[in-house]
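Report on the structure
Letter by letter, the chains look like this.
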Amino acid sequence: MKTDMSIFYKRRKELLDVIGNSVAILFNSIEVFRNRDSHYKFRSDSYFHYLAGFPEPGTVILLLGGKEQKSIIFCQAKDKDKEIWNGHIFGPDQAAKEFLFDEAYDISQISDIAPKLIAKFPKIFSIIDNNLCHQNMIHSWIDSNKKLKRSGYKSPEMIIDLARFMDRMRCVKTDSEIKIMQHAADISSKAHIRAMQFTKPNLFEYQVEAELLHEFMQNGAVEPAYLSIVASGSNACTLHYINNDTKMKDGDLLLIDAGCELDSYASDITRTFPVNGKFSPIQKDLYELVLASQKAAILKVKAGNRFMDPHEAALDVLIDGFIQLGLCKGNHDEIKETESYKQFFMHRTSHWLGMDVHDVGDYVDEEGKPIRLEKNNVLTIEPGCYIQKNENIPKEFWGIGIRIEDDVCVSELGCEVLSRLAPKEIKEIEDLVGAFNE
Ligand code: GLY
Ligand code: MN
Ligand code: MN
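Residues numbered from 1 in each chain as written. Chains lettered and ligands numbered in written order. Predicted model: local features only at pLDDT ≥ 70, side-chain atom pairs only at ≥ 80, totals over all residues. Heavy atoms only, no water.

1. Concerning the pairing of strand β5 (residues 70–75)
Judged by how many residues are buried, β5 sits mostly within the fold: five of six residues are covered. Inspection of the sheet shows strand β4 (residues 60–64) paired to β5 by five bridges, in the antiparallel sense. Along β5, the bridge assignment pairs V60 with F74. Linking β4 back to β5 in an antiparallel pair, the connection comprises five residues, with G66 at a positive phi of about 90°. Pairing of β5 with strand β6 (residues 103–106), which is carried by four bridges, proceeds in the parallel orientation. Pairing of I72 across the sheet is with E103, part of β6. (Buried < 20%, exposed > 50% of the residue type's maximum accessible area, 1.4 Å probe, protein only. Helix = DSSP H or I, 4+ residues; strand = E, 2+ residues; numbered from the N terminus. Pairing = 2+ DSSP bridges.)

Right, dumping it as structure tokens:
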């Protein structure tokens, strides 16, 4: 489907209205070498893509505010020889026309043109990060204007972090963004189903990863949103396990945390299921506990509630369960107060989800309280339980890692679970696992 470029144009206009008499400068990422002569597949910087929609590395845009708002793009010049090797280059003329910019220039001219463009603005907005190249470029433009002060040149006196405006825009999704995220979650859910059907003892984790990627790509999502975690047995207790190179054992659980990226939007789903298709009694007890905590958390997702409400709800269920199973000693309040539950549940329940898997957006408000959820925020709900080998804990618990993660979109009355097609009830899972082998 061809992307509607007016979406990016409207976002630029919205931002220009907010920044007033200032200039915003955004840089796309550059290609990264994997090793000599060989690159990683290019992916645009999310902030840049959100406003530009232009897919070439090393591109820069300047958004000039004030009365005569203008969007300007600096991109690679057409280069027939280069295009023979690496494919189409838009070049400034086509870039301006197709991506709805008012002016476009060859990127090699940027240090001559940009200082003049920024001169009359008192403030620059840019994403402040650790990219010294970008900072140096802006500083050098300011510096070259300062050197011409005696000829009457002015220059911006302040660089302000653009993230404070853009994070807010990105964190509340439009209906068309939610549609894409729903589609991404549907594809990822199908991939989890495929992985369950394929799994059986003695396969390697990477063979299951291959099934996930197959389903993503067959459905038009050509990249995972992050490296897939396919963690059997005690590998699941390593939160960001990505080696995926262990042979899966009969009797182990398999934790899969995988989601595709579609049209620059992430999905992020975790399911945990038995490699042999049947939960053992102890695995079942723990799974039911994590599932109950996850459902309790989802019930707390609603516009107006605070970001940490789902986490608190999940935590309360988990703590009671840890007491009942003999994993935590003491009463509920003590365990919460001393945070002894962190031995088994050490991460938070949610993060924002969007163009980045851990998406941008504030987590606390101006008073330092957890921020209130708004309609069309998208976040994950992902409680878990991870039990490392420990002589104080019965042996049958050792090495069990369980996480259940869904993607949810906040509404006035509650939320829509975008990843609802990925099964998580015990019966559904047991019916699916290994189904390809029957
Ligand atoms: N997949 C990374 C996370 O769940 O946060
Ligand atoms: Mn995840
Ligand atoms: Mn997540």
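2. Quick word on the site of ligand 1
As a matter of local geometry, ligand 1 sits amid Y226, D257, D268, H351, H358, E382 and E405. D257 is positioned with one of its side-chain polar atoms (N or O) 3.1 Å from a nitrogen atom of ligand 1. At 3.1 Å, a side-chain N or O of D268 approaches a nitrogen atom of ligand 1. Expressed as a share of its isolated accessible area of 190 Å², the protein-covered part of ligand 1 is 91%. (Near = heavy atom within 4 Å. Polar contact = N/O pair within 3.5 Å; in protein donor to acceptor, adjacent residues only side chain to side chain. Areas by Shrake-Rupley, 256 points an atom, 1.4 Å probe, with all protein chains shown as cover.)

3. A word on the coordination of the manganese ion (ligand 2)
Within the protein, D257 (OD), D257 (OD), D268 (OD) and E405 (OE) serve as the donor atoms for the manganese ion (ligand 2), at 2.0 to 2.4 Å. Coordination at the manganese ion (ligand 2) is irregular: its six donor atoms span angles of 57 to 171° at the metal. Positions of the donor residues of the manganese ion (ligand 2), expressed as sequence spacing, correspond to D-x10-D-x136-E. Metal-to-metal, the separation of the manganese ion (ligand 2) and the manganese ion (ligand 3) is 3.3 Å; D268 coordinates the two. You can see D268 sitting in the loop between β13 (265–266) and β14 (269–274) and its partner E405 sitting in the loop between β17 (400–403) and β18 (406–410), a full 137 residues away along the chain. Its relative accessible area of 0% is what places E405 among the buried residues. (Donors = N, O, S within 2.8 Å, 3.2 Å for Na, K, Ca; no water. Tetrahedral: all angles 85-135°; square planar, octahedral: opposite > 155°, others 65-115°.)

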